Amino acid sequence: MLPQPHPEGTQRQSVDHDAYSLCYQELKDLKSNPIDGLTAEPKEDNMFEWDCSIKAAPDSPYKNGTFYFTLSLPTNFPFKAPLVTFNTKIYHPGINEEGGICVPVLRDEWKPSVTLSTVLAIIQEKLNNPSADDPFEPEIAAVLKSDKSKFLATAKEYTKKYAMA
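Residues numbered from 1 in each chain as written. Predicted model: local features only at pLDDT ≥ 70, side-chain atom pairs only at ≥ 80, totals over all residues. Heavy atoms only, no water.

- Where an unreviewed UniProt entry is consulted, the chain appears under the name UBC core domain-containing protein, with the organism given as Tricholomella constricta.

Below, the structure is given as structure tokens:
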């Protein structure tokens, strides 16, 4: 069930009503066109904080794992990019120890026309296909480049330990 937009003058007084309405529309769009293997729901009573998860693809180094992250939308969304923080520990060159993810669309390539569906699809792609290019964790990227079997074994170990219930 979708949360309803707040009527004028209730709750969220410091929040731009247009930003709230846009977040609501983005949620409706995600519900109408879900992304396979991905869930995204606003936290109860907060349209600007979303609980999300990605079920790793079967051909991913993280297969059988479910990875949870928070999508935090700024009150001036879409003029500023959302903040993504992984809550599930992962051995990945593009996701750091604090859960930050390195994707250009959330940094210097952000545009107000980028939808949350696009952001979530990019995050899912990044998780399933680790790359040593533009790493957040240079040491993990170096292992991926120099010893792929060691990288895959460590990714599998982390997945088993942290991302499998």
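Next comes the rest of the account.
Things to note about the nonpolar core
Right, on to step 1. Grouped together as the largest cluster of nonpolar side chains are 46 residues, with contacts concentrated most on Trp 50 and Phe 86.
Right, on to step 2. Those elements that place two or more of their residues in this core are α1 (17-32), β1 (38-43), β2 (46-55), β3 (66-72), β4 (83-86), α2 (116-128), α3 (138-146) and α4 (148-162). (Core = buried A, V, L, I, M, F, W, Y, C linked by side-chain atoms within 4.5 Å. Buried < 20%, exposed > 50% of the residue type's maximum accessible area, 1.4 Å probe, protein only. Helix = DSSP H or I, 4+ residues; strand = E, 2+ residues; numbered from the N terminus.)

Overview of α1
Right, on to step 1. If you check α1, its first and last C-alpha atoms are 23 Å apart, about what 16 residues at 1.5 Å a residue would give, namely 22 Å.
Right, on to step 2. Those residues of α1 that sit buried are Ala 19, Tyr 20, Cys 23, Tyr 24, Glu 26, Leu 27 and Leu 30. All buried residues of α1 lie within an arc of 155 degrees about the axis, which places them on one face of the element. When the buried face of α1 is taken as reference, the exposed residues oriented beyond 90 degrees from it are Asp 18 and Ser 32.
Right, on to step 3. Contact partners of the buried residues in α1: β1, β2 and α2. (Expected span 1.5 Å × (residues − 1). Arc of directions from axis to C-beta. Contact = heavy atoms within 4.5 Å.)

Notes on the pairing of β1
Right, on to step 1. The pairing of β1 with β2 spans 6 bridges and is antiparallel. For Ala 40, the partnering residue across the bridge sits in β2 and is Cys 52.
Right, on to step 2. Hairpin connection of β1 to β2: 2 residues between the antiparallel strands, including Asp 45 at a positive phi of 65 degrees. (Pairing = 2+ DSSP bridges.)

Comments concerning unusual backbone geometry
Right, on to step 1. In this chain, Phe 77 is followed by Pro 78 through a cis amide linkage whose omega measures 15 degrees.
Right, on to step 2. In this model, Asn 64 sits at a positive phi of 75 degrees, which is unusual for a non-glycine residue.
Right, on to step 3. By the element assignment, Asn 64 lies in the loop between β2 and β3.
Right, on to step 4. You can call Asn 64 partly exposed: its relative accessible area is 48%.
Right, on to step 5. One non-glycine residue, Asp 134, lies in positive phi territory at about 50 degrees.
Right, on to step 6. Along the chain, Asp 134 falls in the loop between α2 and α3.
Right, on to step 7. The class of Asp 134 is partly exposed, set by a relative accessible area of 38%.

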